[in-house]
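Geometric and topological summary
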Amino acid sequence: MIKSIFMILFMICLTLNGQPEIYGQLHDDIKQDVTSANKVKENTFFKPYTAEITALEECLKKTDSYLDMDDKTDLKVYLRQLRKCEKKSKKFDGHYVTALRESISKENQALFRLLIETDPRILQRDRWVEKSVSFYKESRTKAPFKAGDRLLKASEEEDKYRQMAAMEMENYEANVKVLSYDQAKKSRDKDGKVRTFFVGYKKYNGQTILIAENKNPYPVTLSVKLDNVKNYLVDKPSPYHVEVDPHSKMEIMHLRVKDVKKRASVRWIYGWVMGRQSAHHDASFLYALPFKKGSRVIVSQGFNGKSTHTGRSKYAVDFTADEGTRIYAASGGKVIATEASFNR
């Protein structure tokens, strides 16, 4: 039976009390590999690896047996066994990659279809999705199949997401013209909205001073790069990275003419992103779920998902909840943006 590219919904209830269940994501990933391996093991290519597939299955059964014990299994013992299975699982992934490469290079339609229909996690690797989509596009007219069409559609959706991300980045870096501070302050983007962050300049006491103003309620990290610097002394390296606090204005760079008798010119390009470059992840802090304590929630797509959780978004988590469900903070902070345009 062809498996959907979307992750099967499953119910979880996290109590975060040190029990082995908190490693359920890793366990489920390995279990999925076992399922995929059993689907392809009868194929000629995988016949030599039958013993490895059996060993992986037995390894997972042994791991599951720890959860069935009456006494509480030590978490380290459970995790150690799970890691052994993970190594075997990765080895199987390697065989799968080789099979995928061979099916494309030798134009083996039957093997390619079998691999795509099993839909293992290996297809989340961008370069293999790209190669698989390209191969399927070429062969689709001769031998179309539903799993291939789903792969093609998912790829198209991901392309749309990347285009949106690229447009956002273009907005961040749109202002490459040299504007005076007053001009920059009044300037608008291509949609007619007054920009919430800009870099301009003012001349004072024989200097050209670059000024950044952040009108956003969050800090940003700014990157400024000077180009074609002629007859200027600059007090900062290029590119220069600096954090700008919310609702603040600051001088970021001073340029002084070396020789007043000669022409001086400079061009600068800047870009900015939300957040502080100096921020460090606190591994000791355990984030809460964004729901009322004790709630049962559905994870509709987890890490390394089957739809859009790839690349930079691979650690995203989607939850399914009814309209009106209260959302709680997972940590202290301020909400700076929400997304409400998606209705499916």
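None of these values were measured; they are calculated from a predicted model. (Residues numbered from 1 in each chain as written. Predicted model: local features only at pLDDT ≥ 70, side-chain atom pairs only at ≥ 80, totals over all residues. Heavy atoms only, no water.)

Topic: the sheet that holds strand 6 (residues 240-244)
Strand order across the open sheet formed by three strands is 6-4-8, with antiparallel pairing between neighbours. Each having just a single partner strand, strand 6 and strand 8 (265-274) make up the two edges of the open sheet. On average, adjacent strands in this sheet sit at an angle of 25° to one another, irrespective of strand direction. Here strand 4 (residues 220-230) runs beside strand 8; their pairing, made up of nine bridges, is antiparallel. Within strand 8, the position partnered with Val224 by the bridge is Tyr270. (Pairing = 2+ DSSP bridges. Helix = DSSP H or I, 4+ residues; strand = E, 2+ residues; numbered from the N terminus. Axes fitted to C-alpha atoms, helices over the stretch in contact; angles between N-to-C directions.)

Digging into the pattern of salt bridges
Scanning the model with the defined rule gives ten salt bridges in all. Between Lys91 and Glu52 there is a salt bridge whose closest N-O contact spans 3.7 Å. In this pair, Lys91 sits in helix 3 (residues 75-105) while Glu52 sits in helix 2 (residues 50-67), placing the two residues 39 residues apart along the sequence. Here Glu86 makes a salt bridge to Arg83, at a shortest N to O gap of 3.0 Å. Of this pair, Glu86 and Arg83 both sit in helix 3, separated by three residues, roughly a single helical turn. (Salt bridge = Lys/Arg side-chain N within 4 Å of Asp/Glu carboxyl O.)

A word on the confidence of the model for the chain
Averaged over all residues, the pLDDT of the chain is 78; the fraction at 70 or higher stands at 77%. Every residue in residues 1-22 scores below 50 in pLDDT, and together they form 49 contacts with partners more than four places removed in sequence or on other chains. (pLDDT = per-residue confidence, 0-100. Contact = heavy atoms within 4.5 Å.)

Focus on the state of the cysteines
A full pass over the atoms with the stated rule returns one disulfide. With a sulfur-sulfur separation of 2.2 Å, Cys59 is cross-linked through a disulfide to Cys85. The chirality of the disulfide connecting Cys59 with Cys85 is left-handed, given an S-S dihedral of about -100°. Of this pair, Cys59 sits in helix 2 while Cys85 is found in helix 3, placing the two residues 26 residues apart along the sequence. Of the two residues, Cys59 and Cys85, both sit in the buried class. (Disulfide = S-S within 2.5 Å. Buried < 20%, exposed > 50% of the residue type's maximum accessible area, 1.4 Å probe, protein only.)

A look at the packing of aromatic side chains
As enumerated under the stated definition, the model contains twelve aromatic pairs in all. Relative to Phe92, the ring of Phe46 lies with its centre 6.2 Å away and its plane at 40°, an arrangement referred to as tilted. Taken together, the positions of Phe46 in the loop between helix 1 (24-40) and helix 2 and Phe92 in helix 3 put the pair 46 residues apart, joining distant regions of the chain. On the accessibility criterion, Phe92 (5% relative accessible area) is buried. Ring geometry for Phe303 versus Tyr315: centroids 5.5 Å apart, planes at 85°, classification edge-to-face. Here Tyr315 lies in the loop between strand 9 (297-301) and strand 10 (318-320) and Phe303 lies in the loop between strand 9 and strand 10, a separation of twelve residues in the sequence. What links up through ring pairs into an aromatic cluster is the set Phe45, Phe46, Tyr49 and Phe92. (Phe/Tyr/Trp six-rings, centres within 6.5 Å; stacked < 30°, edge-to-face > 60°.)

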